[in-house]
Amino acid sequence: MGNRVCSQCGQEYSDTYRKCPFCEEAEAERKGKTIRRRGGKRLSKRKRSAGAGGVMMLVMVVVILGVVGYVFFGDEIAGFAGIRTEQNQTDQLEDEGGASSSASGDAAGQDAEEGAGGGEEQTTVGTGGPLALDYNAISIPAGETARLTVTGGTGTITWSTSNENIATVENGSVVGKAGGTVTITAAAGEESVECIVTVTGEPWVSDANLSLNKTDFTLYSDNPDVQMEVRGTDSPVTWASENPGVASISESGVVKWVGKGTTNVTATVDGQVLTCIVRCR
């Protein structure tokens, strides 16, 4: 003996019935009749379960697995999902505070070294051999930066500039400040090398009281040269003659007799132009 499920009402009944007793009763009630049966077993009136128990079991398993995973792998899951726990935030703040303190200490140490160095910047090389620079002379606009590289030398390299108002130097990095010419020096032990840096742009004008050792003199063919000097500065001087056919002047300031006549020689330094009259007889 087995059970059947009615395809119309969905009720389950014993297969001792030839037809669904529920459907027959419902039909009899609509017609006002009474049904009499012999034997047969009608089951309780219910519909088939749609597997609700299985669904609930699956939900419970998922929840349990989620709780276990969070207990054992919560930090990893939070990090993967981009969620910061309170402990993570505390650790991050401590790390940032340590880094900030370290950076502040480094900056303070650097300031102290710069203050002790008197504006000179130092670095260390150890390639050996003669000390040399990759350039002997360069030109840069004011506000721009050029790089000088040292080769050779041993020990500590000290960089310096002849005039920080025109150009500064830091670890070989030269920054133009104002128009003019400066000498950048790299020294190691008893060795030193220089680069002449010409900065183009609005010139820097010194307020120092500069002067020439001569302002008017006469040259004769039998006594053909005179040494010129600028007093009041150690900056490099640019010398020039307005008439080289009468008198010439070297880069070091030596005036030479060329021919008879009168001309001017000029010294340009620290933004100032100084003039001397030269009479050649």
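Basis of the calculations
Residues numbered from 1 in each chain as written. Predicted model: local features only at pLDDT ≥ 70, side-chain atom pairs only at ≥ 80, totals over all residues. Heavy atoms only, no water. Pairing = 2+ DSSP bridges. Helix = DSSP H or I, 4+ residues; strand = E, 2+ residues; numbered from the N terminus. Buried < 20%, exposed > 50% of the residue type's maximum accessible area, 1.4 Å probe, protein only. Patch = residues over 30% accessible without salt bridge, like charges linked within 9 Å, V, L, I, M, F, W, Y side chains within 5 Å. Areas by Shrake-Rupley, 256 points an atom, 1.4 Å probe, with all protein chains shown as cover. Salt bridge = Lys/Arg side-chain N within 4 Å of Asp/Glu carboxyl O. Axes fitted to C-alpha atoms, helices over the stretch in contact; angles between N-to-C directions. Arc of directions from axis to C-beta. Contact = heavy atoms within 4.5 Å.

Engineer: I'd love a proper account of the pairing of strand β11 (residues 180-188), names of residues and values included.
Structural biologist: In terms of strand pairing, strand β8 (residues 155-161) meets β11 through four bridges, oriented antiparallel. Pairing of tryptophan 159 across the sheet is with alanine 186, part of β11. Bridge analysis of β11 against strand β12 (residues 191-200) gives nine bridges, and the strand direction is antiparallel. Bridge pairing in β12 links threonine 181 to threonine 198. Connecting β11 to the next strand, β12, in antiparallel fashion are two residues, including glycine 189 with a positive phi near 65 degrees.

Engineer: Give me the lowdown on the pairing of strand β10 (residues 173-176), citing residues and values where you can.
Structural biologist: Burial along β10 is one-sided: the face carrying Val174 and Gly176 is buried and the face carrying Ser173 and Val175 is not. Sheet analysis places strand β6 (residues 145-147) next to β10, joined by three bridges and oriented antiparallel. Following the sheet pairing, alanine 146 is matched in β10 by valine 174. Across four bridges, strand β9 (residues 167-170) lies against β10 in antiparallel orientation. Looking across to β10, one finds that valine 169 is bridged to valine 174. Connecting β9 to the antiparallel partner β10 that follows it, the hairpin turn spans two residues, and asparagine 171 within it adopts a positive phi of roughly 55 degrees.

Engineer: Tell me what's going on with a nonpolar patch on the surface, and back it up with residues and numbers.
Structural biologist: A contiguous nonpolar surface patch, about 990 Å² in accessible area, is contributed by Val55, Val59, Met60, Val63, Ile64, Val67, Val68, Val71, Phe72 and Phe73. With respect to the helices, strands and loops of the structure, valine 55 is situated in helix α2 (residues 52-81).

Engineer: For the sheet that holds strand β20 (residues 261-269), give the residues involved together with the corresponding values.
Structural biologist: Taken in spatial order, the four strands of this open sheet run β14-β21-β20-β17, and their pairing is mixed. Looking at strand neighbours, the two that pair on one side only are β14 (216-219) and β17 (238-241), the edges of this open sheet. Averaged over all adjacent pairs, the angle separating strand axes in this sheet is 25 degrees, with direction ignored.

Engineer: Can you tell me about helix α1 (residues 21-31), naming the residues and giving the values?
Structural biologist: Listed in full, the buried residues belonging to α1 are Pro21, Phe22 and Ala28. On an axial view of α1, the arc spanned by its buried residues comes to 125 degrees, and they lie on one face. Of the residues in α1, the exposed ones pointing more than 90 degrees away from the buried face are Arg30 and Lys31. Check the buried side of α1 and you find it contacts β2 (12-14). Residue glycine 32 follows α1 closely and has a positive phi angle near 80 degrees.

Engineer: Residue-level account of the sheet that holds β10, with values.
Structural biologist: In a beta sheet, neighbouring strands pair by backbone hydrogen bonds and run either parallel or antiparallel. Overall, antiparallel pairing links the three strands, which are arranged β6-β10-β9 in an open sheet. Only two strands of the sheet have a single partner each, and these edge strands are β6 and β9. Within the sheet, the average angular offset between the axes of one strand and its neighbour, ignoring direction, is 20 degrees.

Engineer: Residues and numbers for unusual backbone geometry, please.
Structural biologist: Located in the positive-phi region is asparagine 171, a residue other than glycine, with phi close to 55 degrees. Structurally, the position occupied by asparagine 171 is in the loop between β9 and β10. By relative accessible area, which is 29% here, asparagine 171 ends up partly exposed. Unlike most non-glycine residues, aspartate 270 shows phi in positive territory, near 50 degrees.

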